[in-house]
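What the coordinates show
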Amino acid sequence: MSDLRSPSPHPRPLRLVFMGTPEFAVPSLQTLLEGEDLVVGVVTQPDQPSGRGMVLHAPPVKVLAVAHHLSVFQPARLREPGVLASLQAWQPDLIAVVAYGKMLPQAILALSPYGCINVHASLLPKYRGAAPIQWAIACGERETGVTTMHISERMDAGDILLQKTITIADDDTGGTLHDKLAVLGAEALRETLQLVKSGQLVAQPQDEAAATYAPLLKKEDGRIDWRQEADTLARRIRAFNPWPSAYTTLHGKLLKIFAAQRERSIPHPAPPPGTVAEVTPVSLVVATGAGYLTLSEVQLEGKKRLPIAEFLKGYHLTPGLVLGA
RNA sequence: CGCGGGGUGGAGCAGCUCGGUAGCUCGCGAGGCUCAUAACCUCGAGGUCCUAGGUUCAAAUCCUAGCCCCGCAA
């Protein structure tokens, strides 16, 4: 399917509306602002009470937009009266959508001549959904990337316009990979717009049979089930760093685990999963369902995030203690 | 006023309930020991106990206000 009503070249600067909300969308908006096209309006989620004290916070995209004196629109719902008219008033040629946070109604998809183009943080059709970055790491992928696509009514199922691939480094976390893909996504968006203007855009339908899903992460997804195997846990810990973060409990208190490695040397009588198997001044080894995990960076509830050696100077743990009990 | 934990030599912590000599695990310096180890032994330096008031013969500890860090929640 192709919604492109004008496949011919578009020699003039485009009038763009940008829809996006979190940090991931910031490099994309920044790139558009540096380009020749005109960002005529920005749509972002309403300010939300958040953080300690529940203070009202503006989304990162709004902060950038305001700094550039752009028109900012923050509708609570896209289907409420007046939203469509407001968007139409900007007379966009194209709407760029990067992590806006809500599905777009058909009326908006059809609102501009070039439709809505989205940047998604995976190599579609793999990892459709809200948390593609984290799940790519958690699933042990060696590489991932970004995809620009033409938005359709089904989530992340639109025709692919352009893809960029990146290798997942051994030490990449959800956080570092997020930052890399945010930048890569901005590049992909810029190049896609160039293709639009030169009339060389090719839209390729996704292979539905190959689609996989990366569901929204919930806090609970971070809870460590020590019965899983060490490799799996190590990947999840890496993927969920810094958010939602993998966690267990220590003496009834929340203990976040930000980094851990699979431990190869295995003491023989294997204690039950979650049991502290070995403690040295610089390491903490925990039994899992299969293999052992050496924790290397942790944070106890109310305290700072610490390398394990620092943590152990203040908390004298002994083998036999069970985590997550 | 969303809920909660915390600020103590360079690091991480205890001490606070029940005011009265600054403690633990490290790190750092000097020396010793060892084939060797994130090893061991001896000695040593280093602290306005977040800040400002208050109570008291006496405050890290009790009271008040403020600043900063963090967990939950969103």
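Residues numbered from 1 in each chain as written. Chains lettered and ligands numbered in written order. Predicted model: local features only at pLDDT ≥ 70, side-chain atom pairs only at ≥ 80, totals over all residues. Heavy atoms only, no water.

Once that is clear, we can look at the protein's contact with RNA strand B. Around RNA strand B, 22 residues are found, and the nearest of them are Arg52, Lys219, Lys303, Glu310 and Lys313. Restricting the count to atoms of RNA strand B within 4 Å of the protein gives a sugar and phosphate share of 54%. Taking glycine 53, its main chain carries an N or O atom lying 3.3 Å from a phosphate oxygen of RNA strand B. Glycine 302 has a polar backbone atom sitting 3.0 Å from a base nitrogen of RNA strand B. (Near = heavy atom within 4 Å. Polar contact = N/O pair within 3.5 Å; in protein donor to acceptor, adjacent residues only side chain to side chain.)

Before going further, it helps to spend a moment on the packing of helix H1 (residues 26–34) against helix H2 (residues 60–67). Where H1 contacts H2, the two axes come as close as 9 Å, and the packing angle between them is 20°. Here H1 lies roughly parallel to H2, going by the angle between them. Remark: the crossing between H1 and H2 carries right-handed chirality. Along its contact with H1, which presents Val26, Leu29, Gln30 and Leu33, the element H2 presents Pro60, Val61, Leu64 and Ala65. Across the contact of H1 with H2, the residue classes break down as 7 nonpolar, 1 polar and no charged. (Axes fitted to C-alpha atoms, helices over the stretch in contact; angles between N-to-C directions. Helix = DSSP H or I, 4+ residues; strand = E, 2+ residues; numbered from the N terminus. Parallel < 35°, antiparallel > 145°, perpendicular 65-115°, else oblique. Left-handed = near helix turned anticlockwise from the far one by under 90°. Contact = heavy atoms within 4.5 Å. Nonpolar A, V, L, I, M, F, W, Y, C, P; charged D, E, K, R; others polar.)

Formed by 46 residues in total, the largest nonpolar core has its most connected members in Phe18 and Leu181. Broken down by element, the residue count for this core peaks at 8 residues, all from helix H6 (residues 174–198). Those residues in contact with phenylalanine 18 that lie beyond four places of it in its chain are Ala25, Ser28, Leu29, Leu32, Val39, Gly41, Val42, Val43, Val61, Ala96 and Val98. (Core = buried A, V, L, I, M, F, W, Y, C linked by side-chain atoms within 4.5 Å. Buried < 20%, exposed > 50% of the residue type's maximum accessible area, 1.4 Å probe, protein only.)

In this section: H1. Residues of H1 that are buried: Val26, Ser28, Leu29, Thr31 and Leu32. The inward-facing, buried residues of H1 abut strand S1 (15–20), strand S2 (38–43), H2, strand S6 (94–98) and H6.

Moving on, we get to the confidence of the model for chain A. Note: predicted coordinates in regions of low pLDDT should not be interpreted at a detailed level. For chain A, per-residue confidence averages 93 on the pLDDT scale, and residues scoring 70 or more make up 96% of the total. A low-confidence stretch, residues 1–6 (pLDDT under 50), is modelled with 13 contacts involving residues beyond four sequence positions or located in other chains. (pLDDT = per-residue confidence, 0-100.)

Now for the packing of aromatic side chains. Counted according to the given criterion, the structure contains 3 aromatic pairs. Where phenylalanine 73 meets tryptophan 90, the ring centres are 6.4 Å apart and the plane angle is 80°; that geometry is what we call edge-to-face. Here tryptophan 90 lies in the loop between helix H3 (83–89) and S6 and phenylalanine 73 lies in strand S5 (residues 72–73), a separation of 17 residues in the sequence. With relative accessibility at 15%, the residue tryptophan 90 sits in the buried group. With 5.8 Å between their ring centres and 90° between their planes, tryptophan 135 and phenylalanine 240 make a pair best called edge-to-face. Here tryptophan 135 is found in helix H5 (residues 132–138), whereas its partner phenylalanine 240 is found in the loop between helix H7 (230–239) and strand S10 (246–250), with 105 residues between them in sequence. Taken as a pair, tryptophan 135 and phenylalanine 240 share a single burial class, namely buried. (Phe/Tyr/Trp six-rings, centres within 6.5 Å; stacked < 30°, edge-to-face > 60°.)

Time to look at the side chain of aspartate 37. By the element assignment, aspartate 37 lies in the loop between H1 and S2. Engagement of the side chain of aspartate 37 in a polar contact is seen with the backbone nitrogen of leucine 14, the distance being 2.8 Å. Looking at aspartate 37, its side chain comes within polar contact range of the side chain of lysine 197, at 2.9 Å. Discounting residues that sit within four places of it in the chain, aspartate 37 has contacts with Pro13, Leu14, Leu16, Leu32, Leu193 and Lys197.

Looking at where proline 319 falls in the secondary structure, it is placed in the segment after helix H8 (308–314). C-alpha separation for the pair proline 319 and threonine 275, spaced 44 residues apart in sequence, amounts to 7.4 Å. When sequence neighbours within four positions are dropped, the list of residues in contact with proline 319 reads Val276, Ala277, Glu278 and Val279.

Here we come to the environment of valine 17. Secondary-structure assignment places valine 17 in strand S1. With 80 residues separating them in the primary sequence, valine 17 and valine 97 have C-alpha atoms 8.5 Å apart. Not counting chain neighbours up to four residues away, the residues in contact with valine 17 comprise Val40, Gly41, Val43, Leu87, Trp90, Pro92, Leu94, Ile95 and Ala96.

Here we come to the environment of threonine 192. Here threonine 192 is to be found in helix H6. As a C-alpha pair, threonine 192 and valine 202 span 10 residues in sequence and 9.8 Å in three-dimensional space. In contact with threonine 192, not counting residues within four places along its chain, are Ile117, Thr148, Leu161, Leu162 and Leu201.

This next bit is on the pattern of salt bridges. For the structure on display, the rule yields 13 salt bridges. Residues glutamate 36 and lysine 197 are paired through a salt bridge, measuring 2.4 Å at the closest nitrogen-oxygen approach. Highlighted residues: glutamate 36 in the loop between H1 and S2 and lysine 197 in helix H6, separated in sequence by 161 residues. On the basis of relative accessible area, lysine 197 is assigned to the buried category, the value being 11%. Look at the salt bridges and you will find they share partners, linking Glu36, Asp37 and Lys197 into a network. (Salt bridge = Lys/Arg side-chain N within 4 Å of Asp/Glu carboxyl O.)

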